[in-house]
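Now for the letters of each chain:
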Amino acid sequence: MTLQELSQYYKLQERLEQAEETLQSLQSAAQPGAQNLTGMPHTQGIRDKVGDLAVEIADLKERIRCLREESERERDKVAAFIETIENVQIRTVFRLRFLRCLTWGEVATVVGGRNTEAGVKSICYRYLETCNDVMRGDA
């Protein structure tokens, strides 16, 4: 598995989080305020803000549903790959980064020891390089 394939789940999670924040914002904006009921007819050009937002909200909810489905499929692929890693420390680094979506700095903190952000990143990249060498038959 390549770094791009592993990062796909991470990126999907970021997009999903952003879409959910946008949905919250749209839902807040769609809350009707105190309506001015004058009984007078509306003129042309007046728009229904809540109605317009309802369409955006429905579209975004569908997009979020699709992102969740895609995210679950990617998570399953990444999890299956990570389970093949025999070294406990390397497997932990991969789980924290690619399944829990922590930053490299957070991964280093959780792993502990004298691991740094650059150190855990190197562990990951070296492991992927050796996997790719084995796949190509270079090892």
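Shown above is the structure to which this text applies.
Residues numbered from 1 in each chain as written. Predicted model: local features only at pLDDT ≥ 70, side-chain atom pairs only at ≥ 80, totals over all residues. Heavy atoms only, no water.

> Break down the packing of aromatic side chains for me, citing the residues and quoting the values.
Inspection of every chain in the model, using the stated rule, returns 6 aromatic pairs. Both rings, one in Phe98 and one in Trp104, keep their centres 6.2 Å apart while their planes meet at 85°; by these two values the pair is edge-to-face. For Phe98, a relative accessible area of 1% translates into the label buried. Judged by relative accessible area, which is 8%, Trp104 ranks as buried. Here Arg97 stacks its cationic end above the ring of Tyr10, 4.2 Å away from the centre of that ring. (Phe/Tyr/Trp six-rings, centres within 6.5 Å; stacked < 30°, edge-to-face > 60°. Buried < 20%, exposed > 50% of the residue type's maximum accessible area, 1.4 Å probe, protein only. Lys NZ or Arg CZ within 6 Å of the ring centre and 35° of its normal.)

> How would you sum up the packing of helix H3 (residues 88-99) against helix H4 (residues 104-111)? Please name residues and give values.
In contact at an axis separation of 9 Å, H3 and H4 are set at 140° when each is read in the N-to-C sense. In terms of orientation, H3 lies oblique with respect to H4. Taken as a pair, H3 and H4 cross one another with a handedness that is right-handed. Residues Gln89, Thr92, Val93, Leu96, Arg97 and Phe98 of H3 form the contact with H4, whose own contacting residues are Trp104, Val107, Val110 and Val111. Looking at side-chain class alone, the contact of H3 with H4 contains 7 nonpolar, 2 polar and 1 charged residues. (Axes fitted to C-alpha atoms, helices over the stretch in contact; angles between N-to-C directions. Helix = DSSP H or I, 4+ residues; strand = E, 2+ residues; numbered from the N terminus. Parallel < 35°, antiparallel > 145°, perpendicular 65-115°, else oblique. Left-handed = near helix turned anticlockwise from the far one by under 90°. Contact = heavy atoms within 4.5 Å. Nonpolar A, V, L, I, M, F, W, Y, C, P; charged D, E, K, R; others polar.)

> Explain H3 residue by residue, including any values.
Along its 12 residues, H3 runs 15 Å from first to last C-alpha, staying within 8% of the 16 Å computed at 1.5 Å per residue. Buried within H3 we find Ile90, Arg91, Val93, Phe94, Leu96, Arg97, Phe98 and Leu99. The residue sitting at the N-terminus of H3 and contributing the capping side-chain oxygen is Asn87; that oxygen lies 2.9 Å from the backbone nitrogen of Gln89. Trailing H3 by a residue or two, Cys101 shows a phi angle of about 60°, which is positive. (Expected span 1.5 Å × (residues − 1). Polar contact = N/O pair within 3.5 Å; in protein donor to acceptor, adjacent residues only side chain to side chain.)

> Tell me about the environment of Leu53, and please be specific about residues and values.
Its place among the elements puts Leu53 in helix H2 (residues 49-83). Relative accessible area serves as the criterion here: at 14%, Leu53 is assigned to the buried category. Here the alpha-carbon distance between Leu53 and Ala30, two residues 23 residues apart in the chain, equals 6.0 Å. Excluding residues that lie within four positions of it along the chain, Leu53 makes contacts with Leu26, Ala29 and Ala30.

> Go over the nonpolar core, please, and point to the residues and values.
Counting residues in hydrophobic clusters, the biggest one holds 22 residues, and the most contacted among them are Leu6, Val78, Phe81, Ile82, Phe94, Phe98 and Tyr127. Elements with a contribution of two residues or more to this core: helix H1 (3-30), H2, H3, H4 and helix H5 (117-136). What Phe98 contacts, discounting residues up to four positions off in sequence, is Leu3, Leu6, Ser7, Tyr9, Val78, Ile82, Trp104 and Cys124. By size, the runner-up hydrophobic cluster in this structure holds 11 residues, among which are Leu16, Ala19, Leu23 and Leu67. (Core = buried A, V, L, I, M, F, W, Y, C linked by side-chain atoms within 4.5 Å.)

> Go over the environment of Cys66 with me, naming the residues and quoting the values.
With respect to the helices and strands, the residue Cys66 is situated in helix H2. For the pair formed by Cys66 and Leu16, sequence separation is 50 residues and the distance between their alpha carbons is 9.6 Å.

> Quick rundown of H1? Include the residues and the values.
Because each turn of an α-helix spans 3.6 residues, side chains separated by three or four positions end up pointing in the same direction. Between its first and last C-alpha atoms H1 spans 40 Å; for 28 residues at 1.5 Å apiece the expected length is 40 Å, and the two agree. Roughly 25° is the biggest bend found in H1, and it falls at Tyr9. (Bend = angle between axes of the 7 residues up to and from the residue.)

> Run through unusual backbone geometry, naming residues and quoting values.
Not every positive phi belongs to a glycine, and Cys101 is a case in point at roughly 60°. Examined against the element boundaries, Cys101 turns out to sit in the loop between H3 and H4.

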